[in-house]
Amino acid sequence: MSFKKMHPQLKEALERLEITEQLPYQKQILPKIKGGANLFCIAPKDSGKTTALVMATLQKLKCEAFEDAPRALIFVKDKQAALALQEEFKRFIFRMDIRVYCAYEEQGIDDQRDDIYDGVDIVIATPKRLNKIFYSNGINLGQLKLFIVEDAEFLIKPNLFSDVIRTPESIEKCQYLVFSTKFDERMERLQESFMFNAQTVKSN
């Protein structure tokens, strides 16, 4: 997917951030994400995976707010990872009306439910907190377009893994993306769970 084919507001953000060309791995995965494929995105650090995640998400959501229910759900390791990814989104959405929200254990769950109910487009969450919110009827996943796991190495903990694979059981139709530095037994278990028809794209 060339920059020319991206949403005008996303192109404007790229110009403002002085991002003039895609990195090699971004050229590999962005067209496939745009095409709707479920993907394991496997590449080393500093290959541009996180920036590709942000660009693909904003492109998919057309860089705009829509109704109340979130359309993208991104699982991350912890509060620090959630806030770091939120900051990366903020770099791009400076002039967009799209809404990004973080949910993690250090916040009050009642406040989180209220904030999400008021309307968000992208939820960045730890698995444990998202599941608590979901099973207390605090989030509607009926409009979800993207289900993403960022830096999936953190799934080495069995409880986190269980929380992640539980969520797709309640999703009817969605695109699934898992980002990691390596394809290992954790990825194989995800493949057996909800990523069974996913492509694996490793960096060249």
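About the criteria used
- Residues numbered from 1 in each chain as written.
- Predicted model: local features only at pLDDT ≥ 70, side-chain atom pairs only at ≥ 80, totals over all residues.
- Heavy atoms only, no water.
- Helix = DSSP H or I, 4+ residues; strand = E, 2+ residues; numbered from the N terminus.
- Rg over C-alpha atoms; globule rule 2.2 N^0.38 Å.
- Contact = heavy atoms within 4.5 Å.
- Areas by Shrake-Rupley, 256 points an atom, 1.4 Å probe, with all protein chains shown as cover.
- Core = buried A, V, L, I, M, F, W, Y, C linked by side-chain atoms within 4.5 Å.
- Buried < 20%, exposed > 50% of the residue type's maximum accessible area, 1.4 Å probe, protein only.

When its secondary structure is counted, the chain shows eight helices and seven strands. What you see for the chain is a C-alpha radius of gyration of 16 Å, in line with the 17 Å of a compact globule of 204 residues. For the chain, the spread of C-alpha atoms along the three principal axes comes to 45 × 40 × 30 Å. A sequence separation of at least 24 residues applies to 73% of the contacts in the chain between residues at least 6 apart. Summed over its atoms, the accessible surface of the chain is roughly 10,100 Å², and 46% of this surface lies on carbon and sulfur atoms.

So, about the nonpolar core. With 41 residues, the main nonpolar core has L58, I74, F89, F92, I122 and I124 as its most contacted residues. Excluding its chain neighbours within four sequence positions, the residues that come into contact with L58 are L10, C63, F89, F92, I93, M96, I98 and I122. Counting residues in each nonpolar core, the second largest holds 33 residues, with F75, L144, C174 and M195 among its members.

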